[in-house]
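Summary of structural features
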Amino acid sequence: GGGERKPRAREEGPAPTEPWSAEMRLTKFYEKYLPAKVSDVPKLLAKYAGKEEALFTALSKKYGSEPLDPYLAAKYGIGEEESDSGGESGGSEEEVVDSHTAADEEARQALSGMKLAQAAAAEKVAGEAGPDGKKAKARGVAVKATQKVDTRVVIQKLARQRKKAVTVVVGMDTVPDVKMKEAAKAFAKRFAGSSSVKKDASGREEIVLQGDHQEDCAVFIVKTFKVKKECVFLDIDGEFVGVV
């Protein structure tokens, strides 16, 4: 796109400290494309509670890109024109949402995958430089910087009051050719205890094992699933420690 950016009359207030709420996003969207329907915003949000992303994706496909949230623009340095996407005509919101659900879901998955990847890349992990440029240390030993790896498995131990500890394996879904349910069965067999696939708050699958098998688990993952040692980390009190 051409570099000339039109100056835009915009209320210059203090920089926003948080992203828009769904209601604010929808209101801004309607102000841009359908000013007459701004009053329908609460009704639509109630109808699509829990499916807001599908609604926004469908609306953007139908009318054009969403107005840019100034918080996200400032955070990620995005300009209006970069967030543009083509519009489609025809169809009510309901039809648009229903006809696009599969595509929306894919887009949402891709987006959440991208966010996870960004979050993973931003995490300060042993062997990779943190945001401050300093290398994280594993048990006081500087680790060789490993080349950028997409496979990353983190093993956590959760101590629970009056109950046996559990071991949580995050990131098995980043190991090529691994099916989560089959991996969970392999863990259950190896550690003679129950093992299940659960979703965390962000909807990402993790494997939860009964008992504290943090270190054995790491060895098992390296041997059985042929995961390189430098891709497996133990989360010890919030510090990522490489497997020796």
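Scroll up to find the structure this text is about.
To keep things clear, this report deals only with the structure shown in the data block. Predicted, not measured: the structure shown is a model, and the values here were computed from it.

With that settled, the discussion passes to the nonpolar core. Ranked by size, the top nonpolar core spans 23 residues in total, and within it I155, V169, M172, F187, I207, I221 and V232 carry the most contacts. When contributions to this core are tallied by element, the ones reaching two or more residues are strand 3 (153-160), helix 6 (180-191), strand 6 (205-210), helix 7 (214-224) and strand 7 (232-236). What V232 contacts, discounting residues up to four positions off in sequence, is V153, I155, A218, I221, V222, V227, V241, G242 and V243. Counting residues in hydrophobic clusters, the runner-up holds eleven residues, among them F29, L34, Y48 and L59.

Counting buried positions over the five residues of strand 7 gives four, a clear majority of the element. Note that strand 3 and strand 7 share four bridges and pair parallel. Paired with Q156 across the bridge in strand 7 is D235. Pairing of strand 7 with strand 8 (residues 239-242), which is carried by four bridges, proceeds in the antiparallel orientation. Its bridge partner being in strand 8, L234 is matched across the sheet by V241. Hairpin connection from strand 7 to strand 8: two residues lie between these consecutive antiparallel strands, with D237 at a positive phi of about 50°.

Rules behind the numbers
- Residues numbered from 1 in each chain as written.
- Predicted model: local features only at pLDDT ≥ 70, side-chain atom pairs only at ≥ 80, totals over all residues.
- Heavy atoms only, no water.
- Core = buried A, V, L, I, M, F, W, Y, C linked by side-chain atoms within 4.5 Å.
- Buried < 20%, exposed > 50% of the residue type's maximum accessible area, 1.4 Å probe, protein only.
- Helix = DSSP H or I, 4+ residues; strand = E, 2+ residues; numbered from the N terminus.
- Contact = heavy atoms within 4.5 Å.
- Pairing = 2+ DSSP bridges.

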